[in-house]
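Examination of the molecular architecture
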Amino acid sequence: MLDKSQWSALIPHQGTMCLLDTVVAWDAERIHARTASHARSDNPLRADGRLRSLHLCEYGAQAMAVHGGLLAQAAGGRAAPGLLVSLRDVELTRAYVDDLTGELDVQAERLLAGEQSWQYAFRIEHDGALIARGRAAVMVQPA
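Right, let's walk through the structure included here. Since this is a predicted model, take the numbers as computed values, not measurements. (Residues numbered from 1 in each chain as written. Predicted model: local features only at pLDDT ≥ 70, side-chain atom pairs only at ≥ 80, totals over all residues. Heavy atoms only, no water.)

**Quick word on the nonpolar core**
By size, the foremost hydrophobic cluster in this structure holds 30 residues, and its most contacted members are Trp7, Leu20, Leu56, Val66 and Ile124. A total of 7 residues in this core trace back to one element, the largest contributor, which is helix 1 (residues 56–74). With near-sequence residues (within four places) excluded, Ile124 lies in contact with Leu56, Gly60, Leu104, Asp105, Val106, Ala129, Leu130, Ile131 and Ala132. (Core = buried A, V, L, I, M, F, W, Y, C linked by side-chain atoms within 4.5 Å. Buried < 20%, exposed > 50% of the residue type's maximum accessible area, 1.4 Å probe, protein only. Helix = DSSP H or I, 4+ residues; strand = E, 2+ residues; numbered from the N terminus. Contact = heavy atoms within 4.5 Å.)

So, in structure tokens, the structure goes:
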């Protein structure tokens, strides 16, 4: 298990915008993270005091960013900055998530990896039940 201090410098999201708390496990293709940031009143994605489940796509994207950063670090480098360019097949099982107690499990699996782009599938669960899933594509940010 990796706490935030071991990977947070690898991604551009800082402060309260860094939504994940811990990395439970990761390998060359997958990452599993946990967080309770959905319930925090200072979550920057909240609107009118609520956190819509649509924002779980950002949780999935951050898991992708952490995964890319960890892979690059393991290879002796640093991940190139990327831009989220598409979300596909997104499924949400509820309207809001701020009322869920405990942690969320955030998982991402790399489907394709090229020099200029990556595609991942993400899945977010609460207490073993699926609450969001989808696919996301990221392109390397032009220099």
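**Points about the environment of Gln6**
In this structure, Gln6 sits in the loop between strand 1 (2–3) and strand 2 (22–26). Under the relative-accessibility criterion, Gln6 is labelled partly exposed at 42%. For the pair Gln6 and Thr22, spaced 16 residues apart in sequence, the C-alpha to C-alpha distance is 9.2 Å. Among the polar contacts listed, one links the side chain of Gln6 to the backbone nitrogen of Asp3, at a separation of 2.8 Å. (Polar contact = N/O pair within 3.5 Å; in protein donor to acceptor, adjacent residues only side chain to side chain.)

**Comments concerning the side chain of Ser53**
Tracing the backbone shows Ser53 in the loop between strand 3 (30–35) and helix 1. Ser53 has contacts with Leu92, Arg94, Ala95, Tyr96 and Val97, leaving out every residue within four places of it along the chain.

**Observations regarding the environment of Thr16**
Here Thr16 shows up in the loop between strand 1 and strand 2. For Thr16, a relative accessible area of 40% puts it in the partly exposed group. Sequence separation of Thr16 and Arg135 is 119 residues, and the distance between their C-alpha atoms is 24 Å. What Thr16 contacts, discounting residues up to four positions off in sequence, is Asp42 and Pro44.

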